[in-house]
Structures are given as structure tokens and as C-alpha cells.
Amino acid sequence: MTEHAATVAAALHVPAHTVREGCPGELLLEVEARDFPVLADHVSHDLQGRLLSLFASDDRAHTGQFRLHQVWSLPQLHTFLLLTAPVDPAAPAVPSIAATHPAANWFEREVMDLYGVIPEGHPNPTRVALHDDWPDNAWALRKDFPGEQPVPRATGDHHPFRPVTGEGVFQVPVGPVHAGIIEPGHFRFGVAGEPILYLQLRLFYVHKGIEKRFERLPWRHGVYLAESISGDTAVGHALAYAHAIERLGHIEVPPRAQAIRVVLLELERIYNHTSDIGAIATDVAFTVAASRAQALRERLVRTHDLVFGTRLLRGTISVGGVRRDLLPSGRELLQTRLRAFETEFEDLFGLLVDAGTFTDRVDGPGTLTRQAAQDLGIVGIAARASGIDADLRRDHPHDAFAGLQFTVPVEDGGDVRARLMIRAREIEQSLAILNQVLRVLPDTPWAATLPDALPARASALGWVEAWRGPCTHWVATDDHGALTRVKVTDPSSLNWPALVHVMPGNIIPDFPVINKSFNLSYSGNDR
Amino acid sequence: MLGILTKSLRTGTLTEAGPFGGQASFGFPVMDFTRCVACDACTRACPTGAIRAEAVTPVLAHVLTHVSLSYAACIQCRACVTACPEQAISVSPDIEVAAYSRDQLARTASFDVNPVTGRGTYRQVELAPGLSLADAAAQLKARILGRLGRSLHVRQVDAGSCNGCELEIAATANPYYDLERFGIHFVASPRHADALLVTGPVTRNMEVALRKTYEATPEPRVVVAVGACGCSGGLFGEGTYAAIGGVDRVLPVDVYIPGCPPRPQAILNGLLVAMGVREARVNR
Ligand code: SF4
């Protein structure tokens, strides 16, 4: 029994032997669902835990029960804590923790929509994942739900928008089809003239049934599906999936592969951050800077293409390592191109922050205070821009990050400017990381030999600090070692509430730039 | 201000005179059916069912089997190339692939498979059903004659994509590709659009919005399906509880641009096909 397990047991007031060691860096605790609220309070107050995911699984074939799972990051102990409890299918309900831990809000409602497990005492127990035309009592992620056939449309009104009354007060509906080349979602603004009174969201327009789809895939194919959870996070999600499978199957990833994975993940961060900085410039009509950023980003993806044969870094990760080696010629090319990028990026960034017309638009709008970010359980760049010092690469090191030197930039402003600054400073850190890794790659194979089958009835968590924030995949196998549940959590699922929270008091014309400064994934959220 | 000017002058023009003809290290797989023995190595390796083998009828002691490879569902993952024990699948660097129908994106060959050894003997390449590329091109041109051709206003609709396709569509507007010089503009409303550029496996939750967008687009509205998902449902399949599948399951599609995601040149090429300026081709 490790020291960490003992610390956790003491903080939660549970017998020491009940906190079990899972895969490395993962503690497991089997609890009763009725204890969730008390335990969640202890985890967050006494262990500074942060909720990263909450989901259900259907274990009726074995134990006759559903299960509810919570994934907490315990940054100070450098370990994850997974709380799980059985749920009786005859009365499928669990006490909600959403009132005190708002990060659980959408997760619990999703469990209700897809498993029919009711979060009792939830402050707003309405549908989140299901649209109005979804029939009642059809729970898509239950094992007895026929996922391979269309579901008839029903009628219903499960998403009443908040009414607005008063003179000059009205609603502005936007979407799901937006004006630009972006993903679909519906925004409903309540406004009094220009100032926004509130914003309500309706998402899940691009729900593709990814989690159900995983359950039908051979585990070796899962990595392709993971790449398509959110196209801009192909490496992040593929890697989180690969980590989960590797941990579950006791597959050792050779050091060279771990190093190349760091290269890929940081390249993904750099190209996305660059493109977001350009998009923020676009949304305040600073076209010179915007098109320069676009050109810079195009040069980056072309470099990926030259070195890895793929522009958006798809098809680079495999379970057990990487799909292709990084040859010395590719390494040198990367080093040269990144040096050129660094100078040009500094140039571009200088242009932005020196322009009063630009800074006037980004200073202040969309402020997310530290307290709000903490209370809402915001993660990733959005959290770090609001003074929260959390990064899985440092707190729960994966791949080769434990042996690398880098700092985690944190900004206090919480506004558009702070989210812009975080991106620029992270690019700096990524370049420093790449510098270290590219100097010399470990002289080992770049992929592990894979077993024929995964262990039966096993589970593991995979995680990655991707460019937007933490991506987690929880994977479980059945009696034959086939995938029986894959829970995917994109950081966007945790961060959409931040956008809702910051909008009141801002004006509609600032919405695009505020939205862009978060740049959340619809597909990653909707899956 | 001066700094911006000098930088712009120093940068010069980034736009590439001819964005076409570029080659990728991996465009699409090409099957040499004469080397194929109709085993199931590639069909098992393919994550999307882009390669299929179907027993058609038993012929005497042999089973007549169709092996087909469709770019509509190909996500360009290269798994089939490494899986094939006969080295029958090679790599084409060509990326400017487009077609007027799903069938045109597929090639099928028939084999006599010995049920004991499982090995097949190549017979012939089967004729694709439906119109030929040339006939389909003529048909599209006749439909848009006099109305489109010099300029195309495009409304992009994400009907369920992973956003990968959107990234490459957006890239067509960057200084390197600059699609506006071809007269192509992205517009904010379907009412201003000549064409819809649709991505994603159409999801159950986007079907209604997609139909409404189509109805709001004036004739002769051209529909272009983008990506493995838009062409066939891709990784997400067709007819599941959440994904309806390829765009043609919901709307009549005029042009298909396969790839996962298709590169900016491929998208540009496909848009020019939709304008009738270029003709679609599948293999060079
Ligand atoms: S074709 Fe590929 S890139 Fe495009 S939406 Fe589908 S999975 Fe994403």
C-alpha cells in the first residue's frame, strides 16, 4: 500500500485497504453511490482534486448493475483517483453532485440521457445530449440499445429557452448553421440593446455516436476513430486512446516512440495556437496580422507533411508507439523550420500587441475570474489564462515529459488578451521542449510489439494534455478482451460552461472574439 | 504602419501560381487487381470498409467474389498497403480526386475463389454502374449552363464533421491557395449561395438544419460532399442511431471530394469541378 493511497484513504475517511492501486498513477476506490456528495467534497477540499470526467457503464451482463464513475485529478499527489459505484437498474438513480461541483452538471445530464440514470437533486435536470425529437426511454449507450439502426423522431419540447420580458429586451437566435466555416451549435442570446443578459447553448448537433462505435471496433482500429473525435486534436485524442490501451494491456512504449510522441503533440499545440491567434486577429478585423498568421500556420502544416506525410498529423500515432520513425533528415528539417517559425512568430506577435487598435479590443472582454474558473472546474488554456496552475504534462507526466524542462505559463487576466498571451507563451515553451527532444532521440525501436489480445475484464485511464487541455479516455474490455466501453472526454465538455458564464455584460459584437479566444470543439463535446 | 508596409513588401506574394499538380506522399491506395488473390488481409485492416470482398455466386467449385476499393470511404490511413501480403496495393501521390457519383469513386474486380485454399484468380475489372465521368460532367454542365462558371458563391455546412475537413476548407482561403482568385467566395447565408459545401456524416441532429439550408439555397443549387464522411459516412458509418451517413442520403449530391480530410488543392479542384471549369477524374 503506497503512501498516496494512505493519504487518500485518510482524507476520505475510508478504510486504508479500500483504496486500491490500478495502473500506475491511478487509484481506485469502490464506493456506494449515496456517498458521492460527501466524497466529492472531501476530494475537492482536502485533496485539491479536480473533476475531469464523470460517466456510466453498463455492467448488467456481469453484475446485473450499471456503474457510475468519477475521474479526479489529484495534482499534488500526481495521481488520478477513480471513484466507482454500482447503480441498481431497478431504480437507476444517484445523488447529484452538480450543485456543489458544477463540473458535473453536463456529465450527469449526459448519463441521464444516454443511460437513463437519474441525477437526484440536480439543479437543472433537463436533457443535454438529446434533442427535442429524441423519443423517451431510449438510452443509446445501454447495451441492449440497437445502435446500428435509425431511431424514429418524436416530438417534444425539452429545451425551453428562458423567456425575456421588458421593453427593448429580446432574444437573438444564432445557428446551428453559422455564418463562417465553423462547426454547428445553437446560441440563444437574451439582450437589452447591445449588452448581453444571458447566453444559452444547445449543442450535440454533431453527435456521431462515437462512444457506441468504439464498442464495435477492434481495439487496433480504435486509434483511427480517436483521431476523428476532434480533427484539430488528432494527436491528443489518438494518444489518450493509445495510452489507455497500453496501460490496460501492459504494453511498454519504447523511449524513442515516447519522444516522437512529444514532438507530435507539441507540433499540434503550436499549429493550433498559431491559427487561433490569427483567428482572434480576424475577429477584430486586423487583417494583416490575420493573414500572416494563416500563412505561418500553412507553413507549419506543410512542414508536418514533409516530415510525417500528413498535414494535420493524422495517422502518426499507433498503439504501442508511432506509425513511422522520425529520421535524422526529418529531425534536421524540423529544427530548421522551427527556427524560422520562431522569428516570424515573434514578429507577428509584436505586431499584434503593439497595435493599440488590437489591444483595445482584447483587453477586458470575456473575463473569467479565477474563482469562477475554479468553481466551474475549467481546464486547459482557459484555466491557465484565469490563474489556475494545472497542466497534466507536469502534474501527471505522460510520454517523455517527465524528463523535459519546461514551465507552465499562467496569466491572471482571464480575458481575451490573457487567453491570447497564454497561447503565445505556450508556443515559446513548446519550442523549448522540441529543442530538447529533437537534439537526440533515444536509440530504441519506435513501436512495441503488440499482444494478440488485451486482458479480459480490465480497465484503464489514458490522458494527455493536448493543446486545448486534458483529453481523457477510459477504456474497459469484456470477457474476450474486446472493447466494451470507451469514455471520451474532450476539454471542451468541461469548458463550454465558461463561455456561458462570461457573456452577460459583454456586447454582441464582442461575442465572436470571445468565443474564438476559447475556441472550443463542438465535435469533441458532442462526439 | 511603416513596419507593416515594409514587412508586406518584403514578404511579396505567397500565393502559388498553380496550386494544382502537387503530390502527396500518400494520396490514395491503388489496387493492382492482377496481383490480388482476394484474401481478406486488406478488408480486415481497413477501418472503414472502403475495401470489401463479397461472395456473389458459387460458380462450380469456385466462388465468384467481388473485391472493391472505394475512395468514398477511404481515410488514407495506409493500413491496407502494409497489410497486403501480395504487394498488390500501391500508393498514388495524386490528390486531386473528385467524382460525380459514389459509384465513380469505386473500382471492383471479380475473382474465382477456391473455397479450399481461399485464394482467388483474377477475372476482370467490372464496369461501374451509372454514368461515366464524361457523361456526368456534361450533365452537370448542362444544368448550370449560363448561370455558374465564372464565379461560385459557397455556403459551407458542417453536418457532423470532426472539424478536420473544416480546417482544410478554411486553408483554401489562406494566402497560399487564395481561392477567391478563382471567383470562389464563401458566403454567410445559403440565400447568397450557388453551392453548398457539406462535410460530415450527416448526423441525426443536423439533418433538419441541412435540409432547411438546402431549401433556402436558390436554383441551380450545386451540392458538393466533402471528406470520407461526406462521401460515405466514413468512420462513423451509415444508418446508426446518430449518423445518417453520406450527404447523398439526405440531398442530391453533384460532386464528391474524398479524403480524410481532402487537402486544400483537392477541395479547390472539387469546387472548380462544381463550377464546370474542371472535369472530375478519379485516377490520373
Ligand atoms: S472526412 Fe475525416 S477529416 Fe473530414 S470530417 Fe470525416 S473524419 Fe473528419
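Draft legend 1. Looking closely at the overall build of chain B. Within chain B, the secondary structure is distributed over eight helices and 13 strands. For chain B, whose C-alpha radius of gyration is 21 Å, the value lies close to the compact-globule estimate of 19 Å for 284 residues. In terms of its C-alpha atoms, chain B occupies a principal-axis envelope of roughly 80 × 45 × 35 Å. Of the accessible surface of chain B, which amounts to about 11,300 Å², a share of 54% is contributed by carbon and sulfur atoms. Charge-centre separation for chain B: the mean point of 26 positive side chains lies 3 Å from the mean point of 24 negative side chains.

Draft legend 2. Representation of the overall build of chain A. Of the regular secondary structure elements, chain A holds 18 helices and 15 strands. Since a compact globule built from 527 residues should have a radius of gyration of about 24 Å, the 23 Å found for chain A is in line with a globular shape. Expressed along its principal axes, the backbone C-alpha trace of chain A runs to roughly 70 × 60 × 45 Å. Considering only residue pairs separated by 6 or more positions, chain A has 67% of its internal contacts joining residues 24 or more positions apart. For chain A, the exposed area adds up to about 18,600 Å²; of that, 53% sits on carbon and sulfur atoms. Averaging the locations of the 49 positively and 63 negatively charged side chains of chain A gives two centres separated by 4 Å.

Draft legend 3. Structural view of the site of the ligand. All residues adjacent to the ligand are Ser228 and Arg314 of chain A together with Ser161, Cys162, Gly164, Cys165, Gly227, Ala228, Cys229, Gly259, Cys260 and Pro261 of chain B. Lying at an intersection of chains, the ligand is approached by residues of chains A and B. Of all the elements in the fold, those that place two or more residues in the shell around the ligand are helix H5 (164-171) and helix H7 (227-232) of chain B. The dominant element in the shell around the ligand, judged by the number of residues it contributes, is H7 of chain B, at three residues. Grouping the amino acids of the shell around the ligand by side-chain chemistry returns six nonpolar, five polar and one charged.

Draft legend 4. Expanded view of the domain arrangement of chain B. All names here are of chain B. Parsing chain B into structural domains produces domain 1 (28-126) and domain 2 (133-282). Here domain 1 and domain 2 have C-alpha centroids that lie 27 Å from each other. With 20 residues of domain 1 at the interface, the matching set in domain 2 holds 34 residues. At the boundary of domain 1 with domain 2, total buried surface from both sides reaches about 2,200 Å², with 56% on carbon and sulfur atoms. By the criterion of area lost to domain 2, the three top residues of domain 1 are Glu96, Tyr100 and Arg102, representing 38% of everything that side buries. As a salt-bridge pair, arginine 281 and aspartate 94 come within 2.7 Å of each other at their nearest N and O atoms. At the junction of domain 1 with domain 2, the criterion picks out ten residue pairs in polar contact (both at pLDDT 80 or more).

Draft legend 5. Representation of the interface of chain A and chain B in the model. Facing 64 residues of chain A, the contacting portion of chain B comprises 59 residues. Buried area between chain A and chain B, both sides added, is near 4,800 Å², and the carbon and sulfur share of it is 54%. In terms of surface lost to chain B, no three residues of chain A exceed Arg153, Ile181 and Lys208 of chain A, which account for 15% of the buried area on that side. Where chain A packs against chain B, one counts five salt bridges. Summed over the shared surface of chain A and chain B, the result is 35 residue pairs in polar contact (both at pLDDT 80 or more).

Draft legend 6. Region of the structure containing the domain arrangement of chain A. Residues and elements named next belong to chain A. As assigned here, chain A comprises domain 1 (3-120) and domain 2 (210-526). In this structure, domain 1 and domain 2 have C-alpha centres spaced 26 Å apart. With 29 residues of domain 1 at the contact, the number on the domain 2 side is 30 residues. Summed over the shared surface of domain 1 and domain 2, the result is three salt bridges. Across the contact surface, domain 1 and domain 2 share eleven residue pairs in polar contact (both at pLDDT 80 or more). Breaking the side of domain 1 that touches domain 2 down by element, the ones donating at least two residues are strand E3 (50-59), strand E4 (65-74), strand E5 (79-87) and helix H4 (104-115). Tallying contributions element by element places E3 first for the side of domain 1 that touches domain 2, with nine residues. Partitioning the side of domain 1 that touches domain 2 into residue classes produces 17 nonpolar, eight polar and four charged.

Draft legend 7. Seen up close, the nonpolar core. Formed by 128 residues in total, the largest nonpolar core has its most connected members in Phe214, Tyr241, Phe286, Phe308 and Phe358 of chain A. Element by element, the count of residues in this core is highest for helix H8 (residues 255-283) of chain A, at twelve residues. With sequence-adjacent residues up to four places away left out, phenylalanine 308 of chain A is seen in contact with Ile260, Val263, Leu264, Leu267, Leu313, Thr316, Arg324, Leu326 and Leu334 of chain A together with Arg78 of chain B. Formed by 58 residues, the second largest nonpolar core is a distinct cluster that contains Ala5, Leu29 and Val43 of chain A together with Ala242 of chain B.

Draft legend 8. Just the pairing of strand E5 (residues 106-113) of chain B, in detail. Residue and element names in this part refer to chain B. With eight bridges connecting them, strand E3 (residues 62-70) and E5 associate as antiparallel partners. The residue bridging histidine 66 from the neighbouring strand is serine 110, located in E5. Linking two consecutive strands that pair antiparallel, namely E5 and strand E6 (residues 120-126), is a turn of six residues; a positive phi of about 80° is found at glycine 118 within it.

Draft legend 9. Examining the environment of leucine 197 of chain A more closely. Residue and element names in this part refer to chain A. With respect to the secondary-structure elements, leucine 197 resides in strand E10 (residues 196-202). What makes leucine 197 partly exposed here is its relative accessible area of 43%. The sequence separation of leucine 197 and asparagine 506 amounts to 309 residues, and the corresponding C-alpha distance is 8.4 Å. For leucine 197, the residues in contact, after removing those within four places along its chain, are Val169, Gly190, Val191, Ala192 and Pro504.

Draft legend 10. Representation of the sheet that holds E10 of chain A. Residue and element names in this part refer to chain A. Here we have three strands laid out as an open sheet, ordered E8-E9-E10, and antiparallel in their pairing. Since the sheet does not close on itself, it has two edges, and those belong to strand E8 (169-174) and E10, each with one partner. Strand-to-strand twist across the sheet, computed as the mean angle between neighbouring axes with direction ignored, equals 15°. Where strand E9 (residues 186-192) lies against E10, six bridges are found, and the strand directions are antiparallel.

Draft legend 11. Broad picture of the side chain of threonine 240 of chain B. Positionally, threonine 240 of chain B belongs in the loop between H7 and strand E12 (243-245). A polar contact is formed between the side chain of threonine 240 of chain B and the backbone nitrogen of alanine 243 of chain B, at a distance of 2.9 Å. Contact partners of threonine 240 of chain B, with chain neighbours within four places excluded, come to Gly147, Glu148, Gln149, Pro150 and Arg213 of chain A.

Draft legend 12. Representation of the pairing of strand E15 (residues 483-489) of chain A in the model. Residue and element names in this part refer to chain A. The element E15 is extensively covered by neighbouring structure, given that seven of its seven residues are classed as buried. In this structure, strand E14 (residues 470-477) lies alongside E15, joined through six bridges in antiparallel fashion. The residue of E15 that forms the bridge with threonine 477 is leucine 483. Two successive antiparallel strands, E14 and E15, enclose a turn made up of five residues, where glycine 481 displays a positive phi of approximately 80°.

Draft legend 13. Looking closely at helix H2 (residues 36-46) of chain A. Residues and elements named next belong to chain A. Buried within H2 we find Phe36, Leu39, Ala40, His42, Val43 and Ser44. Where the residues of H2 are buried, they touch helix H1 (3-12), E4 and E5. Once H2 finishes, glutamine 48 follows within two positions and takes phi at roughly 50°, a positive value.

Draft legend 14. The pattern of salt bridges, seen in detail. Residue and element names in this part refer to chain A. Counted under the stated rule, the structure contains 52 salt bridges over all chains. Between arginine 485 and glutamate 211 there is a salt bridge, with the nearest N and O atoms lying 3.0 Å from each other. Placement of arginine 485 in strand E15 and of glutamate 211 in helix H5 (residues 210-214) is noted, with a sequence separation of 274 residues between them. Exposure remark for glutamate 211: the relative accessible area of 4% places this residue in the buried category. Between arginine 361 and aspartate 510 there is a salt bridge whose closest N-O contact spans 3.2 Å.

What counts and what doesn't
- Residues take numbers from 1 onward in each chain, read along the sequence in its written order.
- Both sets of labels track the order of writing: A upward for chains, 1 upward for ligands.
- Per-residue local features are limited, in this predicted model, to residues with pLDDT of at least 70; the limit for side-chain atom pairs, both in listing and counting, is 80 or more; totals at the level of whole chains, interfaces and linings are taken over all residues.
- To get the side-chain values, take all heavy atoms of the structure and skip hydrogens and water.
- Each helix is a run of DSSP H or I of at least 4 residues and each strand a run of E of at least 2, with the numbering of both proceeding from the N terminus.
- Here the globule rule is a power law, 2.2 Å times the number of residues to the power 0.38, and the radius of gyration is based on C-alpha atoms.
- Areas reported here follow the Shrake-Rupley algorithm with a probe of radius 1.4 Å; residue values treat only the protein chains shown as occluding.
- Charged residues are defined narrowly, with Lys and Arg counted positive, Asp and Glu counted negative, and His plus the chain ends left uncounted.
- In plain terms, the charge of a residue is placed at NZ if it is Lys, CZ if Arg, CG if Asp and CD if Glu.
- By the convention used here, residues are in contact when the closest approach between their heavy atoms is within 4.5 Å.
- Any residue with a heavy atom lying within 4 Å of a molecule or strand is counted as near it.
- Gly is put with the polar residues, along with every residue not named as nonpolar or charged; the nonpolar set is Ala, Val, Leu, Ile, Met, Phe, Trp, Tyr, Cys and Pro, and the charged set is Asp, Glu, Lys and Arg.
- An automatic or database domain assignment supplies the residue ranges for each domain.
- Buried surface area refers to the total accessible area, computed with a probe of radius 1.4 Å, that the two partners give up upon joining, counted for both partners together.
- By definition, a salt bridge exists where a carboxyl oxygen of Asp or Glu is found within 4 Å of a side-chain nitrogen of Lys or Arg.
- We call two N or O atoms a polar contact when they sit within 3.5 Å, provided that within protein one can donate a hydrogen and the other can accept it, with sequence-adjacent residues counted only if both atoms are side-chain atoms.
- Grouping buried Ala, Val, Leu, Ile, Met, Phe, Trp, Tyr and Cys residues that are joined through side-chain atoms within 4.5 Å yields what is termed a nonpolar core.
- Classification of residues uses two cut-offs on accessible area relative to the type maximum, computed with a 1.4 Å probe and protein chains only: under 20% is buried, over 50% is exposed, and between them is partly exposed.
- A pair of strands is considered paired only if DSSP assigns at least 2 bridges between the two.
- Only the contacting stretch of a helix is used when fitting its axis, a line to C-alpha atoms as for every element, and angles between N-to-C directions run 0 to 180 degrees.

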